[in-house]
Amino acid sequence: MDIEQFRKAGYQAIDRICDYYYSLNDKPVVAQVEPGYLRRALPESAPEQGEPWSAVLSDYEKLIVPGLTHWQHPSFFAYFPTASTFEGMLGDLLSSSTANPGFNWLASPACTELESVVMDWAARMFGLDRTFHNESKVGGGVIQTTASDSALTAIVAARTRYLEQHPGTPLEALVIYVTTQTHSFGKKAGLVLGLRVRALEVRAEDHWALRGETLGAAVEEDHRKGLHPFILIATVGTTSSGAVDHVADVGATIKEKFPSLWLHVDAAWAGVTLACPELRETAQLAGINEYADSLCVNFHKWGLTNFDASAFWVRDRNLLINALDITPEYLRTKHGDEGTVIDYRNWHLSLGRRFRSLKLWFVLRGFGVEGFQAYIRRCISLNNSFADYIRASAIFELITPPSFALSVFRLRPDASTSESASLDELNALNRAFVAAAQTQHGILLTQTDIDNVLCVRFAVGAARTEVGHIENACKLLEEVGMHCLAGKKVGTSA
Ligand SMILES: *Cc1c(COP(=O)(O)O)cnc(C)c1O
């Protein structure tokens, strides 16, 4: 493809994207294909001769689009949102066009400098303490691929710090602390690093949030066993139920009793709510600012920025660099040696990196802080109207109070009477309910398990969800729920 062919093909591709967004509302949310559909449709090997662009684009439309689950569909309420924007898309497009791996300052000064500025913009928007700002030259922010990578990076830095403070600690005595509600990346990091992971118990009456007391007891118990917990991953907005750990309480326990325990706060989904001053207390800003060693907020979830853009801040950049800096001769530069610039390759695991700050810059400029706040507030308000519907319903009940823009509920035949079905019966009923709801083309939601209770998650956040989509979802869930109850006489005979 030459430049003029690209010009034409590029316009065509943008036209297709616009058509796709116009048609999104009328598409089934979930792909209607069977496993293996694409292998059957594609040739066994790449073509010997290059093919014309028109053939490729037409196959994209014919073969790929039908196999997509439409995460940008306004009735997508599954998992967590991945709210994309045209600003973000254009940022990604231009970033692709520069095709550079930006690993150090000299590799493309604009990549490093823009990232360091937009991460400060984001830090200001979220009200983060100045030590987290790049401008402070103490801590700083870097864009990682995912929250999983951010946590892994934090764990590696924490391990180095701990081993420096406690030389000779055997690796097999080190322990990563998570809670039973922490994202599965905690266990995965344990697998990757070959380290123990302990999941602290949290309780229903605390709405599944971790308290300092629980942490303190666990550390003392492990110390008696000769173990060395060195990092705690606390969560603001857990994946299952949106639980918010008591960061200030946990942080105070760490500071007072176990100062070598690193506190990483995973706010992958809910951290964007820090943009709204009225939500900062719930989102634990004071605790984060006072005690966290590192923090992660995914812009690529509920932050209007196209996948991937995981914002990661550390209180002390030297702890990262200490753990991750390897500088072979071919990567040495004058500015790097002088320490006058950021070399982001020392702030994460890989060397090369995408120019992700461009899309975040476009999004923050396009929306402004006020536009960003308005979007977060709108999602929460839509979720509140969904939660009101569940509260008023005779067949559903909330399992936990709604958290930001997430509601967790279940079908309950006797919600309005004193009769009760067994847990097993209710779980089976809800499994059937989710399966039935997932056959509906007009909506997608997913299930979770909280302490052996099978629940249904309803997460609002697609950029184009309106109140009508919520009303429609309520109507649809009511129909499916009634249908499930009619089919299974669970609870009525108890
Ligand atoms: C989504 C999510 C993660 C994982 O995010 P990735 O960026 O896909 O790794 C981790 N923690 C929480 C709380 C999440 O919501």
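Please read these numbers as outputs of a predicted model, since none were measured by experiment.

### What to know about the overall build of the chain
Here is step 1: Looking only at helices and strands, the chain has 16 helices and 11 strands in total.
Here is step 2: For the chain, whose C-alpha radius of gyration is 24 Å, the value lies close to the compact-globule estimate of 23 Å for 494 residues.
Here is step 3: A burial count over the chain gives 52% of its 494 residues as buried.
Here is step 4: Across the chain, the fraction of contacts at a sequence separation of at least 24, relative to all contacts at a separation of at least 6, is 73%.
Here is step 5: Per element, the accessible surface of the chain, about 22600 Å² overall, is 55% carbon and sulfur.
Here is step 6: Put simply, the chain has 45 plus and 56 minus side-chain charges, and the middle of one group is 1 Å from the middle of the other.

### Considering the sheet that holds strand 10 (residues 446-450)
Here is step 1: If you trace the 4 strands from one edge of the open sheet to the other, you get 8-9-11-10, paired in antiparallel fashion. Both outer strands of the open sheet, strand 8 (396-398) and strand 10, are each paired with one neighbouring strand and no more. In this sheet, adjacent strand axes meet at a mean angle of 45° when their direction is disregarded.
Here is step 2: In this sheet, strand 9 (residues 406-411) lies alongside strand 8 in antiparallel orientation, the contact comprising 3 bridges.

### Focus: the site of the ligand
Here is step 1: Contacts to the ligand come from 15 residues, most closely from Ala 147, Ser 148, Asp 266, Asn 298 and Lys 301.
Here is step 2: One of the side-chain nitrogen or oxygen atoms of His 300 is found 3.3 Å away from an oxygen atom of the ligand.
Here is step 3: Across the complex, the protein chains shield 88% of the 390 Å² of accessible surface that the ligand would expose by itself.
Here is step 4: For the shell around the ligand, the secondary-structure elements that each account for two or more residues are helix 6 (147-165) and helix 11 (299-302).
Here is step 5: Its residues assigned to classes, the shell around the ligand comprises 5 nonpolar, 8 polar and 2 charged.

### Let's talk about the pairing of strand 2 (residues 174-179)
Here is step 1: Counting buried positions over the 6 residues of strand 2 gives 6, a clear majority of the element.
Here is step 2: Covered by surrounding structure in strand 2 are Leu 174, Ile 176 and Val 178 together with Val 175, Tyr 177 and Thr 179, the residues of both alternating faces.
Here is step 3: Two elements, strand 2 and strand 4 (residues 228-235), share 4 bridges in a ladder whose sense is parallel. Bridge pairing in strand 4 links Ile 176 to Ile 231.
Here is step 4: Running through helix 7 (residues 185-193), the crossover from strand 2 to the neighbouring parallel element strand 3 (residues 196-200) is right-handed.

### Observations concerning the nonpolar core
Here is step 1: The biggest cluster of nonpolar side chains holds 103 residues, and the ones touching the most others in it are Phe 126, Leu 232, Trp 302, Trp 313, Phe 372 and Phe 409.
Here is step 2: In terms of residues, this core owes the most to one element, helix 14 (residues 357-392), which gives 13 residues.
Here is step 3: Looking at which domains feed residues into this core, each of domain 2 (100-355) and domain 3 (365-487) gives three or more.
Here is step 4: Setting aside residues up to four positions removed in sequence, Phe 372 forms contacts with Met 125, Phe 126, Val 272, Ala 275, Phe 299, Gly 303, Leu 304, Leu 364 and Phe 367.
Here is step 5: One finds Ala 147, Tyr 162, Leu 324 and Tyr 344 within the second-largest nonpolar core, a separate group that totals 30 residues.

### A few points about the domain arrangement of the chain
One widely used convention gives an interface's size as the accessible area the parts lose upon coming together.
Here is step 1: Domains assigned within the chain are domain 1 (3-68), domain 2 (100-355) and domain 3 (365-487).
Here is step 2: Inter-centroid distance (C-alpha atoms) of domain 2 to domain 3 is 31 Å.
Here is step 3: Residue-level contacts link 27 residues of domain 2 with 24 residues of domain 3.
Here is step 4: Carbon and sulfur atoms make up 74% of the surface buried where domain 2 meets domain 3, a total of about 2000 Å² over both sides.
Here is step 5: Three residues, Ser 240, Trp 302 and Leu 304, lead the burial of domain 2 against domain 3; their summed loss comes to 32% of the area buried on that side.
Here is step 6: The interface formed by domain 2 and domain 3 contains 1 salt bridge.
Here is step 7: For the salt bridge of Arg 377 with Glu 278, the shortest nitrogen-to-oxygen distance reads 2.6 Å.
Here is step 8: For the interface between domain 2 and domain 3, the tally reads 6 residue pairs in polar contact (both at pLDDT 80 or more).
Here is step 9: At the level of secondary structure, the elements contributing two or more residues to the side of domain 2 that touches domain 3 comprise helix 5 (109-126) and helix 11.
Here is step 10: Ranked by residues supplied to the side of domain 2 that touches domain 3, first place goes to helix 5 with 3 residues.
Here is step 11: Within the side of domain 2 that touches domain 3, the residues separate by chemical class into 16 nonpolar, 10 polar and 1 charged.

### Notes on the pattern of salt bridges
Here is step 1: Under the defined criterion, the tally for this structure stands at 25 salt bridges.
Here is step 2: Residues Arg 211 and Asp 206 are paired through a salt bridge, measuring 3.1 Å at the closest nitrogen-oxygen approach.
Here is step 3: Accessibility expressed as a relative area gives 27% for Arg 211, which makes it partly exposed.
Here is step 4: Several salt bridges converge on common partners, so that one network encompasses Asp 92, Asp 308, Arg 354, Arg 356 and Lys 359.

### Describing helix 16 (residues 467-487)
Here is step 1: Counted at 1.5 Å a residue, the expected span for helix 16 with its 21 residues is 30 Å, and the 30 Å between its end C-alpha atoms agrees.
Here is step 2: Looking at the buried positions of helix 16, the neighbouring elements they touch are helix 14, strand 8, strand 9, helix 15 (423-438) and strand 11 (453-459).

### What to know about the sheet that holds strand 4
Here is step 1: Across the sheet, which stays open at both edges, the 7 strands sit in the order 1-7-6-5-4-2-3 with mixed pairing between neighbours. Both outer strands of the open sheet, strand 1 (140-144) and strand 3, are each paired with one neighbouring strand and no more. When the angles between neighbouring strand axes are averaged without regard to direction, this sheet yields 20°.
Here is step 2: Where strand 2 and strand 3 come together, 5 bridges link them in parallel fashion. Looking across to strand 3, one finds that Ile 176 is bridged to Val 197.
Here is step 3: Against the sheet, helix 5 contacts strand 1, strand 6 (294-298) and strand 7 (310-314), and its axis sits at roughly 80° relative to strand 7.
Here is step 4: Along the sheet face, helix 6 touches strand 1, strand 2, strand 4, strand 5 (262-266), strand 6 and strand 7 and points at about 150° away from the line of strand 4.

Rules used in this analysis
Residues numbered from 1 in each chain as written. Predicted model: local features only at pLDDT ≥ 70, side-chain atom pairs only at ≥ 80, totals over all residues. Heavy atoms only, no water. Helix = DSSP H or I, 4+ residues; strand = E, 2+ residues; numbered from the N terminus. Rg over C-alpha atoms; globule rule 2.2 N^0.38 Å. Buried < 20%, exposed > 50% of the residue type's maximum accessible area, 1.4 Å probe, protein only. Contact = heavy atoms within 4.5 Å. Areas by Shrake-Rupley, 256 points an atom, 1.4 Å probe, with all protein chains shown as cover. Lys, Arg positive; Asp, Glu negative; His and termini not counted. Charge placed at Lys NZ, Arg CZ, Asp CG, Glu CD. Pairing = 2+ DSSP bridges. Axes fitted to C-alpha atoms, helices over the stretch in contact; angles between N-to-C directions. Near = heavy atom within 4 Å. Polar contact = N/O pair within 3.5 Å; in protein donor to acceptor, adjacent residues only side chain to side chain. Nonpolar A, V, L, I, M, F, W, Y, C, P; charged D, E, K, R; others polar. Right-handed = clockwise from strand over helix to strand, strands pointing away. Core = buried A, V, L, I, M, F, W, Y, C linked by side-chain atoms within 4.5 Å. Domains from an automatic or database assignment. Buried area = accessible area lost by both parts, 1.4 Å probe. Salt bridge = Lys/Arg side-chain N within 4 Å of Asp/Glu carboxyl O. Expected span 1.5 Å × (residues − 1).

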